[in-house]
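# Working through the structure, step by step
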Amino acid sequence: MSRAVPGGSWRSRARRWLRPAFAAALGIVAWFVAPSVVPNDAFRLLFVAAVVILVGDHPYLRGFWTRVLAGPARRRMPEPWLLRIAQTLFCGLVAWFVLGSMVSPVILLWGFPLGPVVLATATIVVVLPTLFRLCAAAAVWFDRRTAWHRGLVVVVGLGCFFAVEFLIGYAVRVLPDWDAGTIYSNAAGLATGSMRTIDADYYSMYPNNILLTLLLAGYLSILHQLGATDLYLGGIALNALAMTTAVFLTLVAARKMAGTATAVFAVLPCTAFIALSPWIAVPYSDTLGMVFPVLLLLLFLQSREEKRPVHVYGLWVAMGLVSAVGFSIKPTVVFVLIAAAAVLVFTKKNALSRSRHASVVIGCLLLAFGAFGVGSATIKAAVAGSGTLSFDVNTNDREFPITHFLKMGAVGFGGFNGPDVVETKSINSVEGRFQNGLDVYRERVSAMGPWGYLAFLDTKGETILGDGTFFTWGEGMARQPVELMARDPLSKAVQDYFYYEGPHFAFLRAFWQSLWFATLLLVAAPLLIRGRSLVQPAAVVMRLALFALLLFLLLFEGRSRYLYMYVPFFILLAALTVGTVARRFAGRPAGPAHTSGEEAAASDVRGGAGTSPGRAAGPHARPDEGAFTAAPH
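To keep things clear, this report deals only with the structure shown in the data block. (Residues numbered from 1 in each chain as written. Predicted model: local features only at pLDDT ≥ 70, side-chain atom pairs only at ≥ 80, totals over all residues. Heavy atoms only, no water.)

The subject of this paragraph is helix α15 (residues 334-346). With 13 residues, α15 extends 19 Å between its outermost C-alpha atoms, agreeing within 8% with the 18 Å of an ideal straight helix rising 1.5 Å per residue. Those residues of α15 that fall on the buried side of the exposure criterion are Val-334, Phe-335, Val-336, Leu-337, Ala-339, Ala-340, Ala-341, Val-343 and Leu-344. Tucked inside the fold, the buried residues of α15 contact α4 (81-103), α13 (291-305), α14 (309-329), α16 (357-384), α22 (537-555) and α23 (567-585). (Helix = DSSP H or I, 4+ residues; strand = E, 2+ residues; numbered from the N terminus. Expected span 1.5 Å × (residues − 1). Buried < 20%, exposed > 50% of the residue type's maximum accessible area, 1.4 Å probe, protein only. Contact = heavy atoms within 4.5 Å.)

Right under this line is the structure:
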């Protein structure tokens, strides 16, 4: 009788070590080959990581994608038909525009090598299951720590986010010459006392920027009284704080919606699109307002969990007030409140009993929009009484009407158009400006014809949705070289990557673009796949809000920068897709009933993928661990 050898035969042990060794060897080869492809150290690291993952985790990835392509049984998820249609249209538009951009991209400023970017996008999608397994293992480690240790990890992580953002902002800071510069200059003037009133010519045309200016002036005045000399750097610090807060809220929302593993995974795109973005150097509504959409989402999530109507009412009042403040800084924030109201009306499942659902829905809607109206009126009264205006905001007749932005959205690529601004400004009457916008819009659309206008919207949609830089360095004087303030060696190294004339900016541009294409493909994935977490109310709110935003930008003035405030929503939807698909198709053996979703997913990292296509769902299972079905065709 042969004797069993601990750990298996020498052949099995050899096979166990052969693949990692082979992956490591190819990684070394890739390290030396990479510079001949793209002479960039960051690219070299990413290239080596991709090769090691594709080779080292090849059996798991092959089995995973084989099961994905085989497809699950088709079954319709319980979802109101009206919401389903709106979400299908949104996912369809995203898929249409991203696939169009991957075939024939519209380049406004900074081009990118299409072939390598598409190849990198495909590589990112292929290795996502392995990345999620690693994130699941990190989530298990995190959840097993004490509350104090978890808090310490979060604080240190957010501190790193803030430090990286501030470092980039410090290195590439330059005073803008467009709206962001006007707002800062007026805020700094009020803070230092060099100005008593803000620029009447600008703010009478764009009164929506008054509140942001006054809030920024209050913050800068505190810095000035404390002896700060570089107030613009203080504005960048505020920007970094706002964007770091948005990251924190995004991760909290991801954990509440789909578990810690999904939250850990969301750290990756948050790092790429928020922490590593030159927009940190521009304190403006796109960045300072990033907290509002995801904060509204969290309030909505909490309202779904409350069982007492008074608590639900209070949360919806808070949503109305937050929306009022956000609307006064960036009007498109209101789309989240409208989307949440639609989901509240059309869905009935929440912590409240169904017998009280109708009355609670009506109460929530009245309180939320009532709070929004009261909050907006209060803000307007506070602005009018601030003593910083040389005109009456209540009787201002120089504000540009909504039709002005409609006509600008129907020419060129649908973005800013200087001649339209001059024309609108030259018209004295309110009615004349409004009618001029309508007339010019009709003339432009009629000149294009129905099919021509559709082709225009197609190009405009690709311009808006297909830009992974969000129009970085595309506004104002950024179209020509500028003299950056920072001159120290570390800042110069940062500028090499994050300033558009830097030698490595092209690599970073391609990196953003590849990851953005992958993110959009994941956002559009519910066209083909469905899971409970993908159709949970909070996910529906995000899709409806983004759908409204996309339609608004297609019709009115729009460019990719206007999407940046909503980046957390794109990240959350992409992370939900990855978590849902990874858990459904991981092929791990069924675990004990008490195993959490993160522990089961992480078991693949510790012990390798199993052969069973599913696992038992325990009492701590996340929403996306249950039934998973293909979307109906």
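Moving on: the nonpolar core. Judged by nonpolar contacts, the single largest core of 180 residues is most densely connected at Trp-316 and Tyr-566. Beyond its immediate chain neighbours, meaning those up to four positions away, Trp-316 contacts Phe-300, Ser-303, Leu-337, Ala-340, Ala-341, Leu-344, Cys-364 and Ala-368. Of all hydrophobic cores here, the second largest spans five residues; its members include Ala-23, Val-48, Val-51 and Val-55. (Core = buried A, V, L, I, M, F, W, Y, C linked by side-chain atoms within 4.5 Å.)

Another point: the side chain of Thr-403. Looking at the element boundaries, Thr-403 is found in helix α17 (residues 402-408). Its relative accessible area of 4% is what places Thr-403 among the buried residues. A distance of 2.9 Å separates a polar atom in the side chain of Thr-403 from the backbone oxygen of Phe-434. Once residues lying within four places of it in the same chain are set aside, the contact partners of Thr-403 are Arg-433, Phe-434, Gly-437 and Leu-438. (Polar contact = N/O pair within 3.5 Å; in protein donor to acceptor, adjacent residues only side chain to side chain.)

Here we come to the packing of α22 against α23. One way to put it is that α22 packs onto α23 with a least axis distance of 10 Å and a crossing angle of 135 degrees. The angle between α22 and α23 falls in the class oblique. The two elements α22 and α23 meet at a crossing, and its hand is left-handed. The segment α22 lies against α23, with Ala-539, Met-542, Arg-543, Ala-545 and Leu-546 engaging Phe-569, Phe-570, Leu-572, Leu-573 and Leu-576. Looking at the contact of α22 with α23 residue by residue, the class counts come to nine nonpolar, no polar and one charged. (Axes fitted to C-alpha atoms, helices over the stretch in contact; angles between N-to-C directions. Parallel < 35°, antiparallel > 145°, perpendicular 65-115°, else oblique. Left-handed = near helix turned anticlockwise from the far one by under 90°. Nonpolar A, V, L, I, M, F, W, Y, C, P; charged D, E, K, R; others polar.)

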